[in-house]
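Descriptive analysis of the structure
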Amino acid sequence: MDIMSAKLMLNSLCYNMTEPMTNLTATMNSQSSRAASRVAAQLETAQALCESRGSRLTPIRRRVLEILLEQGRSVKAYELLELIRDDQAAAAPPTVYRALEFLVEEGLVHRLDAINAWAACHDAGGQPHDLLVVCTSCGSVAELSDPDLTRSLAEKVAQAGFRLSGHETELRGLCEACKGCLP
Ligand SMILES: [Zn+2]
Ligand SMILES: [Zn+2]
């Protein structure tokens with residue numbers, strides 16, 4: 001096989017992976033119901049976290065979080081607005097932005113400056129994580145933790161006369177799936 005047809009094959013393979021699933025088999029159904037129960041469990045955790053802190057997960061805040069959890073990757077503001085308008089036509093951008101701000105403050109959502117997007121935290125209430133690796137191609141996010149690395153990073157930054165203002169470090173990269181789809 002020459003390089004060109006290998007590339008074409010790879011491309012169609014990658015295309016198939018991102019194609020919407022039209023033939024829902026029993027396996028996929030059980031996968032999607034597992035995903036739904038995972039989202040429900042994470043929403044419950046979020047609700048409990050907010051209650052324990054005396055803050056309120058209002059319906060709009062809850063819906064924004066739910067959408068981000070369902071997407072399972074980071075989402076840009078305009079995408080989020082489109083998704084939310086599917087069921088709440090009247091949702092105004094400032095309301096959605098305020099909901100996002102709240103969710104970031106509560107540690108339920110990560111704001112990703114590298115790609116100007118938001119992603120639900122998939123370990124809210126769990127161990128703190130300080131490194132976020134963002135796929136610049138598909139927006140998927142890996143949440144990592146390395147306190148030693150973060151400490152030495154903070155020391156280096158201090159040596160340069162700065163102090164870190166955020167507790168999360170963002171790294172850009174390409175995820176497993178996107179790495180294989182490169183031309
Ligand atoms: Zn997180
Ligand atoms: Zn990717």
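Residues numbered from 1 in each chain as written. Chains lettered and ligands numbered in written order. Predicted model: local features only at pLDDT ≥ 70, side-chain atom pairs only at ≥ 80, totals over all residues.

Digging into the overall build of the chain
Summing up its helical and strand segments, the chain has seven helices and five strands in all. Along the chain, helices (α) and strands (β) appear in the sequence α-α-α-α-α-β-β-β-β-α-β-α when read from the amino end. Here the contacts in the chain between residues at least 6 apart in sequence split such that 55% fall between residues at least 24 apart. (Helix = DSSP H or I, 4+ residues; strand = E, 2+ residues; numbered from the N terminus. Contact = placed C-beta atoms within 7 Å.)

Looking at the nonpolar core
Residues Val-64, Leu-65, Leu-68, Val-109 and Trp-118 are the most contacted members of the largest nonpolar core, which totals 27 residues. Among the secondary structure elements, those contributing two or more residues to this core are α3 (59-71), α4 (77-85), α5 (93-105), β1 (109-112), β2 (117-120) and β3 (131-135). Dropping the residues within four chain positions of it, Val-109 is found in contact with Leu-65, Leu-68, Leu-100, Leu-103, Val-104, Trp-118, Ala-119, Ala-120 and Cys-121. (Core = buried A, V, L, I, M, F, W, Y, C linked by C-beta atoms within 7 Å. Buried ≥ 20, exposed ≤ 12 C-beta atoms within 10 Å, placed from the backbone.)

As for the environment of Ala-142
Checked against the element boundaries, Ala-142 lands in strand β4 (residues 141-144). By C-beta crowding, Ala-142 is classed as partly exposed, having 15 other C-beta atoms within 10 Å. Distance from Ala-142 to Leu-132, taken between C-alpha atoms, is 5.7 Å for residues 10 residues apart in sequence.

Considerations on the sheet that holds β4
Sheet architecture is open: three strands sit in the order β4-β3-β5, paired in mixed fashion. One side of each edge strand has no neighbouring strand; the edge strands of this open sheet are β4 and β5 (169-173). Neighbour-to-neighbour, the strand axes of the sheet open up by a mean angle of 20°, direction not taken into account. Sheet topology note: the β3/β5 ladder contains five bridges and is parallel. Each residue of the ladder has a partner; that of Leu-132, found in β5, is Glu-170. (Pairing = 2+ DSSP bridges. Axes fitted to C-alpha atoms, helices over the stretch in contact; angles between N-to-C directions.)

A few points about unusual backbone geometry
Phi angles above zero are rare outside glycine, and Asn-116 is one such case at about 50°. The residue Asn-116 is located in the loop between β1 and β2 in this model. Owing to 10 C-beta atoms within 10 Å, Asn-116 belongs among the exposed residues under this scheme.

Quick notes on the environment of Ala-177
Inspection of the secondary structure puts Ala-177 in helix α7 (residues 176-180). What makes Ala-177 partly exposed here is the crowd of 14 C-beta atoms within 10 Å. Once the C-alpha coordinates of Ala-177 and Ser-140 are considered, the two residues, 37 residues apart in sequence, prove to be 9.9 Å apart.

Concerning the packing of α3 against α5
Look at α3 against α5: their axes get within 9 Å of each other, and the N-to-C directions meet at 75°. Between α3 and α5, the crossing angle belongs to the class labelled roughly perpendicular. For the pair formed by α3 and α5, the contact residues are Ile-60, Arg-61, Val-64 and Leu-65 on the first element and Thr-95, Val-96, Ala-99, Leu-100, Phe-102 and Leu-103 on the second. A class-by-class count of the residues in the contact of α3 with α5 yields eight nonpolar, one polar and one charged. (Parallel < 35°, antiparallel > 145°, perpendicular 65-115°, else oblique. Nonpolar A, V, L, I, M, F, W, Y, C, P; charged D, E, K, R; others polar.)

Focus on the environment of Thr-95
Tracing the chain through its elements places Thr-95 in helix α5. A residue is classified by how many C-beta atoms lie within 10 Å of it, and Thr-95, with 16 of them, is partly exposed.

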